[in-house]
Amino acid sequence: MSEFTTGERRGRDASTPFKAMIMAAGLGTRLYPLTGFTAKPMVPILNRPVMEHMISLLRHHGVCEVAANLHYHPDMIRNYFADGSGFGVRIHYNVEETLLGTAGGVGAFREMFADGTFVVVSGDGLTDIDLTQFVAAHRRNGGIATLAVKEVADPSLYGVVVADEAGRITGFQEKPSVAEALSRSCNCGIYAFEPEIFDYVPKGVFTDWAKDVFPALLAEGIPFYSWAMHGYWNDVGNIEQYRLSNFDALLGRVALDMPGRAVAPGVWVGEGTVIEAGTHLDPPILIGAGCLIESEAQLIGPLIVGDGCIIERGAVLDGVINWGGVKAEAGSRMVGSILGRHVTVRRGAVVHEDVVIGDRSEVVAYADVTASARLEPGSTIGPGEAPSTKRTS
């Protein structure tokens, strides 16, 4: 049993820096086929990995020491971020051969977090939460933990946090109906903790915050709190939320750095990109670095084109998200689709609404990919073929 009590604790002065843990071990099953060759925290938002945006947020709030647990495609994450020095932080990694759960993954870093307050954030969450205010509220409350929550219109889609007037948590509901919901405050998966929390996280054992740790705190009467955030938050957990997060960022609904330079109102272009005369650009549009946009191509926003893409003469991209290295040949058309890395859409092919194409795939000339199809990485789709419609929940 923890001996944690309310009141001033070590590391609780408002000016004391805090450390952070990024949860980065997820499989990204609901983002498949985009995650076929890509770790979930590496899926791009505004052409940068979503985890990079999180690290930028942490650094903005004075965090210099970051831990991250890895599991799926771990080398992709380590090779990109290395020791973190290029991003203004120091990153410590732990590769989980067997997943340890949301709390167990943090528990692997208990020695790193033994000296004071730390925060836990998701490597695939998109937010501009004011972490400085969040940690300050946590320290004022004097509890062992504080959960960031956000009011939602439909609580049936989320885990709901129930708290008293002082913000002390009294219970939870998992996706309650609107009629049964005792609160509209959803758990954002952003936490502030004191080191005493590890009394409830056994070493090397799969442990979950929501299923194991928080119920134990309630059972023992250990005080912990909720804090209502008012900034942007979205769990980039499925295809629709991934699309929404990108377009929200493009439209300025979340405070992120826009890469590239503005060449016209609502049009940002990366270094080395060539846009030929006679191209139609309907903002908002983000075009990555090293791209070629040929004359008579039509780009209709909201639209994101990754680095190294080629859009040939007469191709039409409408409401599309393209990752790096995509080639849209002359006369091809894509509407409301998402294309992974190094996808080629050949001459005259049509890719319809809500299609998602995995990396290194090819849509052959004049093929017609039906709406809402999901194409496995490495697919080849020809005229008259029925594309894979594999879906994951």
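Everything discussed here concerns the structure shown above.
Residues numbered from 1 in each chain as written. Predicted model: local features only at pLDDT ≥ 70, side-chain atom pairs only at ≥ 80, totals over all residues. Heavy atoms only, no water.

Next up on the list: the pattern of salt bridges. Evaluated as defined, the whole model comprises 13 salt bridges. A salt bridge links Glu 296 to Arg 313, with the nearest nitrogen and oxygen atoms 3.5 Å apart. Placement of the pair is Glu 296 in the loop between β19 (292-293) and β20 (298-300) and Arg 313 in the loop between β22 (310-311) and β23 (316-318), with a sequence separation of 17 residues. Among the ionic pairs, Lys 327 bridges to Glu 329, the shortest N-O distance being 4.0 Å. (Salt bridge = Lys/Arg side-chain N within 4 Å of Asp/Glu carboxyl O. Helix = DSSP H or I, 4+ residues; strand = E, 2+ residues; numbered from the N terminus.)

Quick look at the layout of surface pockets now. As a volume, the largest pocket reaches approximately 1900 Å³. Residue lining of the largest pocket: 49 residues in total, with Arg 30, Lys 40, Thr 102, Gly 189 and Asp 235 positioned closest to the centre. Element by element, the count of residues in the lining of the largest pocket is highest for strand β11 (residues 185-193), at five residues. (1 Å grid on protein atoms, 1.4 Å probe; cavity = no way out; pocket = protein on both sides within 12 Å on 5 of 7 lines; lining within 4 Å. Points joined across faces, edges and corners; volume = space filled by probe spheres on them.)

So, about helix α5 (residues 209-220). Under the 1.5 Å per step criterion, the end-to-end length of α5 is 15 Å for 12 residues, consistent within 8% with the ideal 16 Å. Considered for burial, the residues of α5 that qualify are Trp 209, Val 213, Phe 214 and Leu 217. Along α5, the residues classed as buried sweep out an arc of 85° about the axis, all on the same side. In α5, the exposed residues that point more than 90 degrees away from the buried face are Lys 211 and Ala 219. Residues of α5 that are buried in the fold lie against α3 (101-107), β8 (145-151), β10 (169-174) and β11. The N-cap of α5, judged by a side-chain oxygen 2.9 Å from the amide nitrogen of Ala 210 a few residues on, is Asp 208. Looking at the residues trailing α5, positive phi occurs at Gly 221, about 70°. (Expected span 1.5 Å × (residues − 1). Buried < 20%, exposed > 50% of the residue type's maximum accessible area, 1.4 Å probe, protein only. Arc of directions from axis to C-beta. Contact = heavy atoms within 4.5 Å. Polar contact = N/O pair within 3.5 Å; in protein donor to acceptor, adjacent residues only side chain to side chain.)

It is worth spelling out unusual backbone geometry at this point. The bulk of non-glycine residues show a negative phi, and the bulk of peptide bonds are trans. Omega for the peptide link from Tyr 32 to Pro 33 comes to 15°, which places this bond in the cis form. Following the sequence through the fold, Pro 33 ends up in the loop between β1 (19-24) and β2 (44-45). With an omega of 0°, the peptide bond running from Gly 301 to Pro 302 counts as cis. Within the secondary structure, Pro 302 is located in the loop between β20 and β21 (303-305).

Before going further, it helps to spend a moment on the sheet that holds strand β30 (residues 356-357). In space, the eight strands of this open sheet follow the order β14-β15-β18-β21-β24-β27-β30-β33, with mixed pairing throughout. At either end of the open sheet lies a strand with only one pairing partner, and these are β14 (261-264) and β33 (374-375). As defined by bridge partners, β21 adjoins strand β24 (residues 321-322) across two bridges and the pair is classed as parallel. Looking across to β24, one finds that Val 305 is bridged to Asn 322. (Pairing = 2+ DSSP bridges.)

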